Each structure stands twice: as structure tokens, then as C-alpha cells.
Amino acid sequence: MSGVLVIAEQRRGELRPVSLELISAARALQGAEGLRSAEGNTVTVAVIARSPELFLDSLKLAGVDEILAVKVAAAEFDPDTFETAVGALIEARKPGVVLVAHSVDSFGYAAALAAKLDLGLATDVFKAERIDGTLVATRGGYGQKVNVEVDFPGRSTVLLAIRANTFKPPDQPGAPRISEFAAPATASRSGGRDFIELSSNDDVDMTAAEFILTIGRGIGEETNVAQFKELADAVGATLGCSRPIADAGWLPKSRQVGQSGKTASACKLYIAMGVSGAIQHLAGMKHVSTIVAVNSDAGASIFGVAKYGVVGDIFEIAEELRRLF
Amino acid sequence: MKILIAVKQVAALDEDFEIREDGRDVEAEFLIRDLNEWDDYSLEEAVKIKEASSGPVEVVVVSVAPEEADEALRKCLAKGADRALRIWDDAMEGSDPIAIARVLAAAAKAEAPDMLFAGVQSSDQTFASTGIATAAFLGWPHAAVVSSLDYAPGAKSAVFRRELEGGLLQEVEIQCPAVLTIQLGINTPRYASLRSIKQAAAKPVEVKTLADLKLSAGEVGESGSHSRIRRMYIPDKGQAQLIEGDAAAKARRLAEIIREFKGDAA
């Protein structure tokens, strides 16, 4: 078995950006150009949608050998539809590697597919390579404090869920072959209804803020929120938070930075106080050019992405900083 | 009516830790164990459903783990679980999420619950796979990252919201029994009272083996797994430039960084 099958992800009529990153991950797996030309060592991208034709043009990129348009009845992602369609694709094409995004949609079906079809499985993968012919995937462990290399003895097909923002999308156009693939009909046991945008009566727009001061679990108590709000106002920053603070209702969800919250898209200076740096939080801010992390735990993962680090008591430092503004 | 909840005793790392001699995990002495954070929320969700139900509902927690996990299971008993079940056999050592799911599915078949909850992921290995793979072995409908749920025990369907990326939610209806993986923030988990902790300490943890579940050794452990850990290592991290000095000195440097930014921005 050979070749890489990429499953593109779309939602509400738009291709999710991670879909293109998967193409680069596939190319990285193929290795050198010489190997690329070897028979069967191809990159096939499947787009599963009610109207797959909408997405074909965006996928005509360098490195893609073939695009498969897979028409399904479901208007949006549905676990049963995807299991059936991806399962049929694997049976028909027998790829060595299947790449999906490590995303909420794939959380809903990838492991079920691997269990049913006896596929090797690793999720949240940020590096995939062949070492002496063996497929090796690298992921994080213990709160990203270690890297974990996994392999897949005896598996002829391996499904890897790739972490978003790890691979750069290809920037060169290509001219892949386009085919249609008929997926078997599915009787879905769940049905998606409406999408709901997160709304709140807080009028802050974290995606537009250029300077953000974020608080995390380290602030300890709800009563401590006020002092950091005051500090943020004094230094001219927008107050943001990590997930636990929003979940506890200490700040509105609209201030949450991270994968399920907002991305700090316009931010240039990001000060994180008492934020450990869970991978889901980093997804919303690690691109910021100047990140300052203040945390009492010198081992906190946030120091791995920060430009400047302050190891110390956040309350003491907040108090001293307040005096200077 | 019965709700089954798959739980895990996870491990966090001590500040200074060492990799085990075989290079495939961290030395056990550096692991700080606790109930997985996500599981705290799925247990609370089940207990809330039980409390709101007019008929009797049994809340059962199950873990595939050696004896040390009894601590986490007792925590669940103290927080409102009616029974705790632990499944272990030395052959299960080295199981990946899919092998664990195979065992959980066998336990679920024996328990015949009306609904199964699992956490979205475990905080230590973050595979986000066990619950959904369990659904596959059971042949049940399933959904991941449930952030609110409307379900009455015994109902033929449930309505929930799944939490997507970027602050988007989607409402979904699902046939029951189903496996749902529960997201943080779906509720506010209760604290166990001293009295309930005391009572939980006296409750039994039921222990089952491979044979009890009619599984073979080949279906679990490394041979029943779909991935294998080759190597664990401490990564070279991007290193933040550390700001030294006392709190006042650190704050002064922070203020400089802020003023530099504002100068640039102005």
C-alpha cells in the first residue's frame, strides 16, 4: 500500500485553512522528489460535501496528484456520513497514510474509523516522517512537557490527525486530475441543526485588539479578576482570558483566547499572566510577535512560545507594574 | 435507567522529572495523579441528569486501570456516582486508546447503560479518541465535544450543542443510546463534602478481569493497540528570554516593553 489520502475539511461553504496544511504534511511524508515520482506514491485529496465542486479550485495546488469529489447527502459534517465515505475511500484506494485535521469534526469520527477498519491511529500529530522505512508520528504528552514518538507495527494503513498551524499551506498552484467518487449512502443516526455564533453582551472584539493582557488559572479566585481588569485598563490593554476563567463565568466567553474561543489575530503584544499554555490556548496566540509570559511555574509550556519570560508571583508583579502606570 | 461514565486517572509531571530507562515513558515517581479534568464534568453531567429525573437513574463510573486508579474512582463516588468499576489485567499494560476502548465497550455491553459519557480527551495523553472508539466497538451513535446537553434518561433521542472552533456551536439531535464526549465548562462540577468522601471510602470498587469480560490477552495491551510508543523525550523548546531581578525590577522591564510597543503603535 502506498500513497497519501488527505481528507479536506469544510464548514458552511468554506474550506477550513487546515485542509491546505494537510497537503504540505502529505508532501513532507513523501520525502525527496525522487520518491515522489515512484509509482503509486501520490497525494490524493478528497473533499466530502453536498456540493464538493465548490471547493475544487482552492485545492488545485502543487503536490496534489488527484482531487476526489465525494458527493454526500449531509449538508454539514456528520460522523456517520464521514465514517462511511472515508471508509469507502480507504477500501477503494488503499492508501498507506490517511491525513485528517486534528479538529472537532475529526474528534467525532477518526477514532471510530480506526477501530472499525483496523487502522493505525495517532492524533494531534505535529511531525510525521519515515525513519528507516517505518512511519513515525510525533505528538505531545503530559501537557506538552514531553514529545512522544509513536509507530504502528503491523498496520498497512495509518490515520494521522495533524495539528493545525503546524505545516505551511502550499503556495504554488498545480494541475491535479479531478475525479468523482461515489460514496455509499448513509443512514445518519444524528442530525446537525443550526449553527450558533457565540454572542455576549460584552462588546469587546479580541480579534481586533493589538495589545492583550490575558489571565489564566493562576489568578486563583474570582475576586482577583478586578485587579487585573484595572491593570489592563491602566496599561491600555484589552483583558483576555484562558478557558478555565471563561468556564467559571469570571469573564465572558467572548474574552476567551484559544481554539474554541477567539484568535488574537491583530495582536502585537500579548502578556499572559498565570496562563500555563495549554495547546488549545496557544492555538489562539502563539503567532503574536511579542509574547510575555508571567508564571510562577518555570516549567509552564507558555515559556516555550514566549519571547520574554518572568518567573514569579503574578500578584506581586501585577502590583509593581500597576505602580508604573 | 443507567448512565455509564468512562473515567481515567491521569498524570501530571513533577517540576523536575526524568524519562524512564527504556525511554518510553516518564519515571513513575515523577507522576502526580488525579481524576482527568474532563471526566469531572462528564460525571457532574450524569449526576445532574439523575437529580433532575423523576425515575431511578444509576450513575456508574468505569476505568481501565491498575489499582492505583481506585483513588480517582473513590473521588467519583464521593461526587455522586452510585457504583465504581475498575477493569484490569497485567496484559492490558501498554494499551493505546483503541485497546482501552475495546475493554470499555465490553464493560458497557455487560452494564447495558442507556447512555455513555467520556471526556473529550485526557489531560495527559490528549488523544481525544477513547470515547469515540468505544462507540465504534458498541456500534452506537456518537458525538464529540458536547458543550450543553438536553437528555432525559431512557429517551430515544437527545439534543446537544457541540463546540466547534472559533466560538461556533452547532445544535445536533442524536439517537440513543449514544456515546457523547463531554467538554469542559458544560456545567460546574461540585466539590465532594467531607461526609461523602468518608462514605465513598467505605464503598467498594468492583474489579473485573479480562476473563470476566470474555476478552483475550491479544485484544488488549500492545497487541490490541493501533499505535505504540517508541520513544518519549524532552523537546528543545523555544526559550523565552528570562527577565531577572526582584518583582520591582521585573515590573520595570515589563513597563519598558509595554512603552516600546506603544511608541511603535503611536
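Here, every reference points to the structure presented above.
Now for a quick tour of the structure. (Residues numbered from 1 in each chain as written. Chains lettered and ligands numbered in written order. Predicted model: local features only at pLDDT ≥ 70, side-chain atom pairs only at ≥ 80, totals over all residues. Heavy atoms only, no water.)

### A short note on the interface of chain A and chain B
Just so we agree on the cut-off: By definition, residues are in contact when any of their heavy atoms lie within 4.5 Å. Simply put, the buried area is the total loss of 1.4 Å probe accessible area from both parts when two parts are fitted together. Take a side-chain nitrogen of Lys or Arg and a carboxyl oxygen of Asp or Glu: if they are within 4 Å of each other, that pair is a salt bridge. As used in this structure description, the phrase polar contact means that two N or O atoms lie within 3.5 Å; if the pair is within protein, one of them must be able to donate a hydrogen and the other to accept it, and residues adjacent in sequence are counted only when both atoms belong to side chains. Three categories are distinguished: nonpolar for Ala, Val, Leu, Ile, Met, Phe, Trp, Tyr, Cys and Pro, charged for Asp, Glu, Lys and Arg, and polar for the others, with Gly belonging to the last. Being paired, for any two strands, means DSSP has found at least two bridges between them. Only DSSP runs of H or I with at least four residues qualify as helices, and only runs of E with at least two residues qualify as strands; both kinds are numbered from the N terminus onward.
Opposite the 93 residues of chain A that make contact, chain B presents 80 residues. Taken together, both faces of the contact between chain A and chain B bury some 7400 Å²; the carbon and sulfur share is 56%. Between B:Glu171 and A:Arg193 there is a salt bridge; the shortest N-O distance is 3.2 Å. At the boundary of chain A and chain B, one finds 39 residue pairs in polar contact (both at pLDDT 80 or more). Taken together, the residues of the side of chain A that touches chain B sort by class into 38 nonpolar, 26 polar and 29 charged. Taken together, the six bridges between strand β12 (residues 190-197) of chain A and strand β9 (residues 168-175) of chain B define a ladder with antiparallel strand orientation. When the bridges of β9(B) are listed, A:Gly191 appears paired with B:Glu173.

### Details of the environment of B:Trp140
Within the secondary structure, B:Trp140 is located in the loop between α4 (130-138) and β7 (142-150). In the structure, B:Trp140 is positioned 39 residues away from B:Val179 in sequence and 6.7 Å away in space, judged by C-alpha atoms. Those residues in contact with B:Trp140 that lie beyond four places of it in its chain are A:Arg189, B:Pro113, B:Leu116, B:Ala135, B:Pro177, B:Ala178 and B:Val179.

### What about the environment of B:Arg231?
If you trace the backbone, B:Arg231 turns up in strand β12 (residues 228-233). C-alpha of B:Arg231 to C-alpha of B:Ala128: the two residues are 103 residues apart in sequence and 20 Å apart in space. What B:Arg231 contacts, discounting residues up to four positions off in sequence, is A:Asn147, A:Val148, A:Glu149 and B:Gly23.

### Observations concerning the sheet that holds strand β4 (residues 58-64) of chain B
Strand pairing within a sheet occurs via backbone hydrogen bonds; the two strands may be parallel or antiparallel. Condition: In this analysis, axes come from line fits to C-alpha atoms, helices being fitted only over the stretch in contact, and the angle between any two N-to-C directions falls in the range 0 to 180 degrees.
Strand order in this open sheet of ten strands is β12(A)-β9(B)-β8(B)-β7(B)-β10(B)-β6(B)-β1(B)-β4(B)-β5(B)-β11(B), and the pairing throughout is mixed. Whereas interior strands pair on both sides, the edge strands pair on one side only; in this sheet they are β12 of chain A together with β11 (205-208) of chain B. On average, each strand axis in the sheet is inclined to that of its neighbour by 35°, with strand direction left out of account. Sheet strands touched by helix α1 (residues 37-52) of chain B: β1 (2-6), β4, β6 (115-119), β7 and β10 (179-182) of chain B. Its angle to β6(B), the strand with the most contacts, is close to 150°.

### Structural notes on a negative patch on the surface
Just so we agree on the cut-off: In this analysis, a patch consists of residues with relative accessible area above 30% that form no salt bridge, clustered at 9 Å for like charges and at 5 Å for the nonpolar side chains Val, Leu, Ile, Met, Phe, Trp and Tyr. For the accessible areas, the method is Shrake-Rupley and the probe is 1.4 Å, while residue cover comes only from the protein chains on display. Charge assignment: positive for Lys and Arg, negative for Asp and Glu; neither His nor the chain ends contribute. For this purpose, a charge sits on NZ of Lys, CZ of Arg, CG of Asp or CD of Glu.
Taken together, B:Asp14, B:Glu15, B:Asp16, B:Glu18 and B:Glu29 make up a surface patch of like negative charges. Position of B:Glu29 relative to the elements: it lies in the loop between β2 (9-13) and β3 (31-35).

Honestly, that's just the spatial picture; any functional story needs more than this.
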